[in-house]
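Each chain, written out:
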Amino acid sequence: MSRTEAPPLPEPLRVPVADSHTHLDMQDGTVEEGLARAAAVNVTTVIQVGCDVKGSHWAAETAAAHPSVYAAVALHPNEAPRIVHGDPEGRSREGVREGGGSAALHEALAEIDALAALDHVRGVGETGLDYFRTGPEGMAAQEESFRAHIEIAKRHGKALVIHDREAHADVLRILADAGAPDRTVFHCYSGDADMARLCADAGYFMSFAGNMTFKNAQPLRDALAVAPVELVLVETDAPFLTPAPYRGRPNAPYLIPVTLRAMAEVRGVDEDTLASAIADNTARAFDY
C-alpha cells in the first residue's frame, strides 16, 4: 500500500457532523472534490483554518464561495516569530523571508482583524503557543501575537481556536490572564486528563483529531474519557494526523467517521449519540 495513496471512504455516519479544523488548501484535489467526498460520508460542514495572512484570505474566500464551509483566520504561533525575526531557512510556504520586526507583526494582525469581521469567518485561529518548533528567541513574538488574537476574537464575538504544542501551562495562564472569549476551542487537544478537567472547568471546547487513535496516545484517550460530552469536538487537521489504520497516509475531512467511531468506543457510547452531541457542539462553538 503506497504511503501517498488516499485511504478508502469509510462507512457513512448516520448523523451528519462537522470537521472542526481542516486545511483544504494543503490537500490534494479541488475544494469541490474534498467537500463532495466529505458529504458522501455525512461530514456536511468543515471549518477551514488559516495559518498566515495569505492562507487566512484563502479561507475567508473559500467559506464565502461554499455554504458548507466556515473560516477561521489567524497567524499560526510559528508564523509570528517568522514575521518578526525572519525565516532564513524558508520553513513556511512563503519561503525565505527577512524579519520585519514588530511593525510587520502589527500589520499582519490588522489584516487578520479585518478578516475576522466577515460573517462567514466564525473563528480566530489557529493561534496560541508552540514550543516544539519555536525556541526561546521566538516566545515573546508568539505571546504578543496570541494576546492580540484573543482581543480580536473578543472584539468580533468569534470563537478562539487554540494551537497548543508543548506549552500547556503558558497557554492556560495567558487565557486566564487576558480573559478567554466566550467560545474557546483547543484544536487537536494534546493535554492529559488533568488538563481536560481544567479546560472543562473553564468551559473550553476540546477537539480531538486522528492522533487519539495512535498506539502511544493513551493520555489523549484518558482526556477524552473525562471531557464533558457537551465540550467535545472532532477534527481531521488534514492533511495531517490521519487516524489509524491509515496513519502516515493523506488525511481529509471524509475520514472524520474513522476518528469519531474510535472516540465513541473510548467513551462507551454508540456513534449516533456521540455524532449528535458533536454536531450540536460544533454549531455552538462556531455560532452557525
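See above for the structure.
Residues numbered from 1 in each chain as written. Predicted model: local features only at pLDDT ≥ 70, side-chain atom pairs only at ≥ 80, totals over all residues. Heavy atoms only, no water.

Asks: What exactly am I supposed to notice about helix α2 (residues 53–65) here?
Replies: The periodicity of an α-helix, 3.6 residues per turn, causes residues three or four positions apart to be oriented the same way. Given a rise of 1.5 Å per residue, 13 residues ought to cover 18 Å, and the 19 Å separating the end C-alpha atoms of α2 matches this to within 8%. Looking at α2, one finds that the buried residues are Val53, Gly55, Ser56, Ala59, Ala60, Thr62 and Ala63. Where the residues of α2 are buried, they touch α1 (31–40), β2 (43–49), β3 (69–73), α4 (101–116) and β6 (121–130). (Helix = DSSP H or I, 4+ residues; strand = E, 2+ residues; numbered from the N terminus. Expected span 1.5 Å × (residues − 1). Buried < 20%, exposed > 50% of the residue type's maximum accessible area, 1.4 Å probe, protein only. Contact = heavy atoms within 4.5 Å.)

Asks: Would you explain the layout of surface pockets in this entry?
Replies: To find leftover empty space, a probe the size of one water molecule is rolled over the atoms. The computed volume of the largest pocket comes to approximately 1,100 Å³. The wall of the largest pocket is formed by 35 residues, among which Asp130, Arg133, His163, Arg165 and Asp237 lie closest to the centre. Listing elements by their share of the lining of the largest pocket, those giving two or more residues are α3 (79–85), β6, β7 (159–165) and α8 (218–226). The element that contributes the greatest number of residues to the lining of the largest pocket is β7, accounting for three residues. (1 Å grid on protein atoms, 1.4 Å probe; cavity = no way out; pocket = protein on both sides within 12 Å on 5 of 7 lines; lining within 4 Å. Points joined across faces, edges and corners; volume = space filled by probe spheres on them.)

Asks: Where do I start with the pattern of salt bridges in this structure?
Replies: Where charged atoms from two side chains of opposite charge come close, those side chains can pair. Scanning the model with the defined rule gives 14 salt bridges in all. Its salt-bridge partner being Asp25, residue Arg93 comes within 3.2 Å of it at the nearest N-O pair. Placement of the pair is Arg93 in the loop between β4 (86–87) and β5 (97–98) and Asp25 in the loop between β1 (17–22) and α1, with a sequence separation of 68 residues. With a relative accessible area of 52%, Arg93 lands in the exposed category. By relative accessible area, which is 23% here, Asp25 ends up partly exposed. In this structure, the salt-bridge partner of Lys154 is Glu151, at a minimum N-O distance of 3.5 Å. Residue Lys154 and its partner Glu151 are both found in helix α5 (residues 139–156); the two are separated by three residues, about one turn of the helix. (Salt bridge = Lys/Arg side-chain N within 4 Å of Asp/Glu carboxyl O.)

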